[in-house]
Amino acid sequence: MTSLFEEVSEEPGTQVPVRRVAITVNGRRRTADIEPRLLLAHLLRQGLKLTGTHTGCDTTNCGACTVLFDGKPVKSCTMLAVQADGHEVTTVEGLAGASELHPLQEGFKDEHGLQCGFCTPGMMLAAKALLEENPDPTEDEVRWALSGNLCRCTGYQNIVKAVLWAADKLRETGGAE
Ligand code: FES
Ligand code: FES
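Here the residue numbers are simple positions, counted from 1 along each chain's written sequence. Both sets of labels track the order of writing: A upward for chains, 1 upward for ligands. Per-residue local features are limited, in this predicted model, to residues with pLDDT of at least 70; the limit for side-chain atom pairs, both in listing and counting, is 80 or more; totals at the level of whole chains, interfaces and linings are taken over all residues. Side-chain measures were taken over the full set of non-hydrogen atoms in the model, leaving aside hydrogen atoms and water.

**A word on the packing of helix H2 (residues 103–110) against helix H5 (residues 157–172)**
Test applied: In this analysis an axis means a line fitted to C-alpha atoms, helices contributing only their contacting stretch, and an angle means the value between N-to-C directions, from 0 to 180 degrees. Strands are runs of DSSP state E lasting at least 2 residues, helices are runs of H or I lasting at least 4, and numbering of each runs from the N terminus. These descriptions rest on fixed angle ranges, namely under 35 degrees for roughly parallel, over 145 for roughly antiparallel, 65 to 115 for roughly perpendicular, and the rest for oblique. Left-handed describes a crossing whose near helix is turned anticlockwise from the far helix through less than a right angle; right-handed describes the clockwise counterpart. In this analysis, two residues are considered to be in contact whenever any of their non-hydrogen atoms come within 4.5 Å of each other. Three residue categories are used. Nonpolar comprises Ala, Val, Leu, Ile, Met, Phe, Trp, Tyr, Cys and Pro, charged comprises Asp, Glu, Lys and Arg, and polar comprises the others, including Gly.
It is the contact of H2 with H5, at a shortest axis distance of 8 Å, that shows an interaxial angle of 135 degrees. By the criterion of interaxial angle, the relationship of H2 to H5 is oblique. Crossing of H2 over H5 shows right-handed handedness. The residues of H5 that touch H2, namely those facing Pro103, Leu104, Glu106, Gly107, Phe108 and Asp110, are Ile159, Ala162, Val163, Trp165, Ala166, Lys169 and Leu170. In the contact of H2 with H5, the residues fall into nine nonpolar, one polar and three charged.

**Section: the nonpolar core**
Cut-off, in case you're wondering: Grouping buried Ala, Val, Leu, Ile, Met, Phe, Trp, Tyr and Cys residues that are joined through side-chain atoms within 4.5 Å yields what is termed a nonpolar core. Remark: exposure states derive from per-residue accessible area (1.4 Å probe, protein chains only) relative to the maximum for the residue type, with buried under 20%, exposed over 50%, and partly exposed in between.
Ranked by internal contacts, the top residues of the largest apolar core, which has 24 residues, are Leu104, Phe108, Met123, Leu131, Leu146, Ile159 and Val163. When contributions to this core are tallied by element, the ones reaching two or more residues are H2, helix H3 (120–133) and H5. The element that contributes the greatest number of residues to this core is H3, accounting for eight residues. Dropping the residues within four chain positions of it, leucine 131 is found in contact with Leu104, Pro137, Val163, Ala166, Ala167 and Leu170. Listed in part, the 18 residues of the second largest apolar core include Val21, Ile34, Leu48 and Val67.

**Topic: unusual backbone geometry**
The phi dihedral of asparagine 26 falls on the positive side, at around 50 degrees, and the residue is not glycine. Mapped onto the fold, asparagine 26 is located in the loop between strand S1 (19–25) and strand S2 (28–34). According to the relative accessible area criterion, asparagine 26 is partly exposed, its value standing at 27%. Even without a glycine there, the phi angle at tyrosine 156 is positive, about 75 degrees. Note on placement: tyrosine 156 falls in the loop between helix H4 (139–145) and H5.

**Brief notes about the packing of aromatic side chains**
Definition in use: Within 6.5 Å between ring centres, the rings of Phe, Tyr and Trp (the latter by its six-membered ring) count as paired, and their orientation is classed by plane angle as stacked under 30 degrees, edge-to-face over 60, tilted in between. Note on criteria: charge over ring means Lys NZ or Arg CZ within 6 Å of the ring centre, with the direction from the centre no more than 35 degrees off the ring normal.
By the definition in use, this model includes zero aromatic pairs. Over the face of the ring belonging to phenylalanine 118 we find arginine 152, whose NZ or CZ atom lies 6.0 Å from the ring centre.

**A look at H5**
Let me state the cut-off plainly: The span expected for a helix works out to 1.5 Å for each residue beyond the first. By definition, the arc is the one covered by directions from the helix axis to the C-beta atoms.
Look at H5: 23 Å from first C-alpha to last across 16 residues, which is about the 22 Å you get at 1.5 Å a residue. Along H5, the positions that sit buried rather than exposed are Ile159, Val160, Ala162, Val163, Ala166, Ala167 and Leu170. Buried residues of H5, seen end-on, are gathered within an arc of 160 degrees and therefore sit on one face of the element. Immediately beyond the C-terminal end of H5, within one or two residues, lies glycine 174, with a positive phi of roughly 70 degrees.

**Topic: the environment of cysteine 151**
Checked against the element boundaries, cysteine 151 lands in the loop between H4 and H5. As for cysteine 151 and arginine 45, which are separated by 106 residues in sequence, their C-alpha atoms are 20 Å apart. Excluding residues that lie within four positions of it along the chain, cysteine 151 makes contacts with Cys119, Met123, Tyr156 and Ile159.

**Points about the side chain of lysine 75**
The criterion, for reference: By the counting rule applied here, Lys and Arg register as positive and Asp and Glu as negative, while His and the ends of each chain are not counted. Any Lys or Arg side-chain nitrogen found within 4 Å of a carboxyl oxygen on Asp or Glu counts as a salt bridge. Pairs of N or O atoms are called polar contacts if they sit within 3.5 Å, as long as, within protein, a hydrogen donor faces a hydrogen acceptor (for residues adjacent in sequence, only side-chain-to-side-chain pairs).
Summarising the element assignment, lysine 75 is placed in strand S4 (residues 72–75). Here lysine 75 is buried and forms no salt bridge, its nearest opposite-charge partner aspartate 58 lying at an N-O distance of 12 Å. Within polar-contact distance, the side chain of lysine 75 engages the backbone oxygen of glycine 148 at 3.0 Å. Every residue in contact with lysine 75, bar those within four places of it in the chain, is listed here: Thr60, Asn61, Gly63, Cys65, Thr66 and Gly148.

**Observations concerning the packing of H3 against H5**
The N-to-C vectors of H3 and H5 enclose an angle of 45 degrees; their axes lie 11 Å apart at closest approach. Compared by their axis directions, H3 and H5 come out oblique. You can see that H3 and H5 cross each other, and the crossing is right-handed. Here Met123, Ala127, Leu130 and Leu131 of H3 lie close against H5, whose contacting residues are Ile159, Val163, Ala166, Ala167 and Leu170.

What is shown is where atoms sit, not what they do.
Okay, here's the thing in structure tokens:
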């Protein structure tokens, strides 16, 4: 019978296997040579210095690390960076236009949807994915869509108002942003 560990030797080599990845981050193609075990959240934060993506837990609950992966929200603490090879990632730094805030950013500001701001990048990206799929959500639908994102400051009420504010604005402007 083959042993699961037959490759293990007394003195493992010191070379750590490295993989080259190319990921389009906020519209810009970035390449990196990384260890296969590196988490996407850590590549974004330490490798690309996009520190708006936060890590608030190590059990995939908090959602502070949420980014958009080919437009869908993912928790970047629970994805290996090598899995993003050849894909598109949007972080909070990619939300604003050249001179204007994204309506979600405006909504969070106007409706006081943040306090410490730690959950906010992930909240806004999860909300962006919701509004692209459902431009006119009910309060319940917003709460459900953000249920993978924890906030310890706001009590959620103003976050919901912020998302509904952004939904109104995006509908008025034809979703131009
Ligand atoms: S850091 Fe908490 S879900 Fe990713
Ligand atoms: S604003 Fe502080 S965790 Fe949400």
